[in-house]
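Chains, contacts and geometry: an overview
The residues making up each chain are set out below.
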Amino acid sequence: MYDTICRYFFWFELYSIAGWLMETFLYVIRDRKFVKRGFLFGPLCPIYGTGAVLLTAILYGRVTNVFLIFIFGLLLCGGLEYITHFLMEKIFHAMWWDYSSRRFNIKGRVYLNGLLTFGAGSVLVLKVLQPLVIKLTDTIPSAALYIICFALYTLTIVDLCLTVSDLKNVVRALKIIQSAALSGLQKGIDTTDEALKEMIKNAKEKEIIKDLSSKLSSENSLIKRIRKRYPDFTLKKYKHILDFILDKPQENKERKDIKLYGTAESLPDPDEKAESAQYRN
């Protein structure tokens, strides 16, 4: 039994690393820069490892028809992605991916092209990759496999704990700032930069964000930290306070009935000058 557990865990780690490398490589090609992928700090995308292990445990050696592997893989991996998104959204009030803009999506968690990719990937894993992975695993002595798995398990657990703790602190900090902002608005306080600094000062007094206090006080460092570590991280429950801190211009709310003073657009044209002079006379 221990051999089986170690083998499956080893496969989980291999596919998690492979998934991270694949996504990172694709983003380097698309964006021409390195973008950290995945939920954890380390080079792992656990959803790939989990999907590959589930496919192997349920289908490998039992289902050989390519079409059936495609359909079952599509359903199994699509269900895994949907459940993962749902749980992370409920736990952290945040999203790591959003397919709402894609056609044939289900609540932005999965979409048709992604599901088709899962089906094709399932065929690739079970028909091509997994036989090679099994041969590789068979070449490793049991004692060495135990040591490797123990080391990988320790690193993964530490990484998971640090990531979850960091994310929970971030969300708690934003929750406190949001609470202070809403309280101030209800009292009719004009939320200026000074008011924001006062909110941050009050938030520092809370024990749950003591370790973030220095970061909160300088040039939106908290937001920069989130974006650096989690490029695709999007807050849902606290999105409006995030937008407030970033103070992004809202083009759809710009006034169109009046020209902006002090710009080239505010200068009257010759016809307007003539009409104005005639009116004064």
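You'll find the structure just up there.
The present account deals with the structure reproduced in this document. (Residues numbered from 1 in each chain as written. Predicted model: local features only at pLDDT ≥ 70, side-chain atom pairs only at ≥ 80, totals over all residues. Heavy atoms only, no water.)

Turning our eyes to something else, we now look at the environment of Thr 139. Along the chain, Thr 139 falls in the loop between helix H4 (112-138) and helix H5 (142-186). Of the polar contacts made by the side chain of Thr 139, one reaches the backbone oxygen of Leu 136; its length is 2.5 Å. (Helix = DSSP H or I, 4+ residues; strand = E, 2+ residues; numbered from the N terminus. Polar contact = N/O pair within 3.5 Å; in protein donor to acceptor, adjacent residues only side chain to side chain.)

Before going further, it helps to examine the pattern of salt bridges. In this structure the tally under the stated criterion is two salt bridges. Across the pair Glu 89 and Arg 109 runs a salt bridge whose closest N-O atoms are separated by 3.3 Å. Note that Glu 89 is positioned in helix H3 (residues 66-92) and Arg 109 in the loop between strand E2 (105-106) and strand E3 (110-111), a separation of 20 residues in sequence. (Salt bridge = Lys/Arg side-chain N within 4 Å of Asp/Glu carboxyl O.)

With that settled, the discussion passes to the packing of helix H1 (residues 2-31) against helix H2 (residues 46-58). The contact between H1 and H2 brings their axes to 7 Å, and the two run at 135°. One element, H1, and the other, H2, form an angle in the oblique class. Crossing geometry of H1 relative to H2 is assigned as right-handed. For the pair H1 and H2, contact is made by Tyr 8, Trp 11, Phe 12, Tyr 15, Ser 16, Gly 19, Met 22 and Glu 23 and by Pro 46, Tyr 48, Gly 49, Thr 50, Ala 52, Val 53, Thr 56 and Ala 57, respectively. (Axes fitted to C-alpha atoms, helices over the stretch in contact; angles between N-to-C directions. Parallel < 35°, antiparallel > 145°, perpendicular 65-115°, else oblique. Left-handed = near helix turned anticlockwise from the far one by under 90°. Contact = heavy atoms within 4.5 Å.)

Glancing now at the packing of aromatic side chains. For the structure on display, the rule yields four aromatic pairs. On the numbers, 5.0 Å between centres and 65° between planes, the contact of Tyr 8 with Trp 11 is edge-to-face. Taken together, the residues span about one helical turn, with Tyr 8 and Trp 11 both in helix H1 at a distance of three residues. Overall, Trp 11 belongs to the buried group, its relative accessible area being 5%. Of the aromatic side chains, those joined through ring pairs into one cluster are Phe 9, Phe 12 and Tyr 153. (Phe/Tyr/Trp six-rings, centres within 6.5 Å; stacked < 30°, edge-to-face > 60°. Buried < 20%, exposed > 50% of the residue type's maximum accessible area, 1.4 Å probe, protein only.)

To continue, consider H4. Each α-helix turn comprises 3.6 residues. Residues three or four places apart therefore point the same way. An ideal rise of 1.5 Å per residue puts 39 Å on 27 residues; H4 measures up with 37 Å between its terminal C-alpha atoms. The sharpest bend along H4 comes to roughly 45°, located at Leu 129, with the proline Pro 131 sitting one to four residues further on. Taken together, the buried positions of H4 are occupied by Gly 114, Leu 115, Gly 119, Ser 122, Val 123, Val 125, Leu 126, Gln 130, Val 133, Ile 134 and Thr 137. (Expected span 1.5 Å × (residues − 1). Bend = angle between axes of the 7 residues up to and from the residue.)

Here the focus is the nonpolar core. The biggest cluster of nonpolar side chains holds 21 residues, and the ones touching the most others in it are Phe 10, Trp 11, Tyr 15, Leu 126, Leu 145 and Cys 149. Every element with two or more residues in this core is listed here: H1, H2, H3, H4 and H5. Take this core: its biggest share by element is six residues, from H1. Leave out the neighbours within four places in its chain, and Tyr 15 touches Tyr 48, Gly 49, Ala 52, Val 125, Leu 129, Gln 130 and Val 133. Among the nonpolar cores identified, the runner-up in size contains eight residues, and Met 88, Phe 92, Tyr 111 and Leu 167 belong to it. (Core = buried A, V, L, I, M, F, W, Y, C linked by side-chain atoms within 4.5 Å.)

Looking now at the packing of H2 against H3. Packing of H2 against H3 brings their axes to within 10 Å, and their N-to-C directions diverge by 140°. In this structure, H2 crosses over H3, and the sense of that crossing is right-handed. On H3, the residues touching Ile 47, Thr 50, Gly 51, Leu 54, Leu 55 and Ile 58 of H2 are Gly 73, Leu 76, Cys 77, Leu 80, Glu 81 and Thr 84. Its residues assigned to classes, the contact of H2 with H3 comprises seven nonpolar, four polar and one charged. (Nonpolar A, V, L, I, M, F, W, Y, C, P; charged D, E, K, R; others polar.)

Turning our eyes to something else, we now look at unusual backbone geometry. Positive phi outside glycine occurs at Phe 104, with the angle close to 55°. Checked against the element boundaries, Phe 104 lands in the loop between strand E1 (94-95) and E2. In this model, Lys 107 sits at a positive phi of 55°, which is unusual for a non-glycine residue. Along the chain, Lys 107 turns up in the loop between E2 and E3. By relative accessible area, Lys 107 is classed as exposed at 63%.

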